Amino acid sequence: MKESLLKVQLKENLGRFISISAEEFERVYAYVKIKKFKRREVIMDIGEVCKDAMYIGEGCLRYFHLVDGEEHTGQFFFENGWYTDYESFLTGEPSRVSIQAIEKCTLACFSRKDMYQIYEETPRFERFGRLMAETGFIGLRKKTETFAQLTPEERYLKLVKERPKVIQRIPQHFIASFLGIKPQSLSRIRKRLLENP
């Protein structure tokens, strides 16, 4: 992905959340560090400190944690979206999750130190940070409610309806992990739905 395209996308993305002048954007963009990752590459491992807030210019990533040595996917993030492990990013403590590029990824990264510097220099960017935190909180709450209230089949149908990108681009074993079931169970659900549409 060309840096010029990434820059345009980032400016448009920020503009959807806050009003930012060309001059302010250039000040913000001066802090960007572009990082590229290969398909399946681990961006950050459990036990490391999350040092970046990441804008995804290209590709998709997931975060996961381990339960008894088994991976459990927490969420998927696609191009034109943002991700950071907020707890580790804000506290500087080791993360309890890993971040992995599912596809080849190009990220525009902001370090914690730089983010706070941007808040000082461009106060309206602090509003953007707050909106991102609120969006993350709402997303986490919705997922918790979905797991508490819906069966695995209902969770899968909800995913098909609301997030077709996940169905189209994410390997089935990661989707099963996200839904909290085994890949064999997901295969049975998909087969049953095909036979009884």
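Everything here concerns the structure above.
Conventions we followed
Sequence positions are assigned chain by chain, starting from 1 and proceeding in written order. Reporting in this predicted model follows two pLDDT cut-offs: at least 70 for local features of residues, and 80 or more for side-chain atom pairs to be given and counted; totals over whole chains, interfaces and linings ignore these cut-offs and use all residues. Each side-chain value is worked out from all heavy atoms of the structure, with water and hydrogens disregarded. Each helix is a run of DSSP H or I of at least 4 residues and each strand a run of E of at least 2, with the numbering of both proceeding from the N terminus. Throughout, exposure labels follow a simple rule: accessible area from a 1.4 Å probe, protein chains only, divided by the maximum for the residue type, with under 20% read as buried, over 50% as exposed, and the rest as partly exposed. Between N or O atoms, a polar contact is any pair within 3.5 Å; within protein, one atom must be a potential hydrogen donor and the other a potential acceptor, and residues adjacent in sequence are included only when both atoms are from side chains. The contact criterion used is simple: two residues touch if any of their non-hydrogen atoms lie within 4.5 Å. Throughout, an axis means a line fitted to C-alpha atoms (over the contacting stretch in the case of helices), and angles, computed between N-to-C directions, take values from 0 to 180 degrees. Roughly parallel means an angle under 35 degrees; roughly antiparallel, over 145; roughly perpendicular, 65 to 115; everything else is oblique. Only Asp, Glu, Lys and Arg are considered charged, only Ala, Val, Leu, Ile, Met, Phe, Trp, Tyr, Cys and Pro nonpolar, and every remaining residue, Gly among them, polar. Patches were defined on residues exceeding 30% relative accessible area and lacking a salt bridge, with like-charge contacts within 9 Å and nonpolar side-chain contacts (Val, Leu, Ile, Met, Phe, Trp, Tyr) within 5 Å. The Shrake-Rupley method, run with a 1.4 Å probe sphere, supplies the accessible areas, and residue values consider only the shown protein chains as cover. Take a side-chain nitrogen of Lys or Arg and a carboxyl oxygen of Asp or Glu: if they are within 4 Å of each other, that pair is a salt bridge. Put simply, a disulfide is two cysteine sulfurs that come within 2.5 Å.

Colleague: What should I look at first to understand the side chain of Q75 in this one?
Modeller: The residue Q75 is located in strand β5 (residues 70–78) in this model. A residue is classified by how much of its surface remains accessible, and Q75, at 16% relative accessible area, is buried. Here the side chain of Q75 touches R163 through a polar contact of 2.4 Å, side chain to side chain. With residues up to four places along the chain from it excluded, the contact list for Q75 reads L61, R62, Y63, R163 and F178.

Colleague: Got a minute to help me understand the packing of helix α4 (residues 112–121) against helix α5 (residues 124–149) in this structure?
Modeller: When two helices pack together, their arrangement is captured by the angle between the axes and the distance separating the axes. Close contact between α4 and α5 brings their axes to 6 Å; oriented N to C, the two are set at 130°. Accordingly, the angle class assigned to the pair α4 and α5 is oblique. Residue-level contacts link M115, I118 and Y119 of α4 to F125, E126 and G129 of α5. Taken together, the residues of the contact of α4 with α5 break down into four nonpolar, one polar and one charged.

Colleague: What's the story with a nonpolar patch on the surface in this structure? I'm lost.
Modeller: There is a patch of nonpolar side chains on the surface, built from Y86, L90 and Y116 and spanning about 250 Å² of accessible area. Relative to the helices and strands, L90 resides in helix α3 (residues 86–91). On the basis of relative accessible area, L90 is assigned to the partly exposed category, the value being 37%.

Colleague: Mind showing me how you'd approach the state of the cysteines here?
Modeller: In a disulfide, the sulfur atoms of two cysteines are held together by a covalent bond. With the rule as written, the count across this model stands at zero disulfides. Left unpaired, C109 is separated from the closest cysteine sulfur, that of C50, by 9.2 Å.

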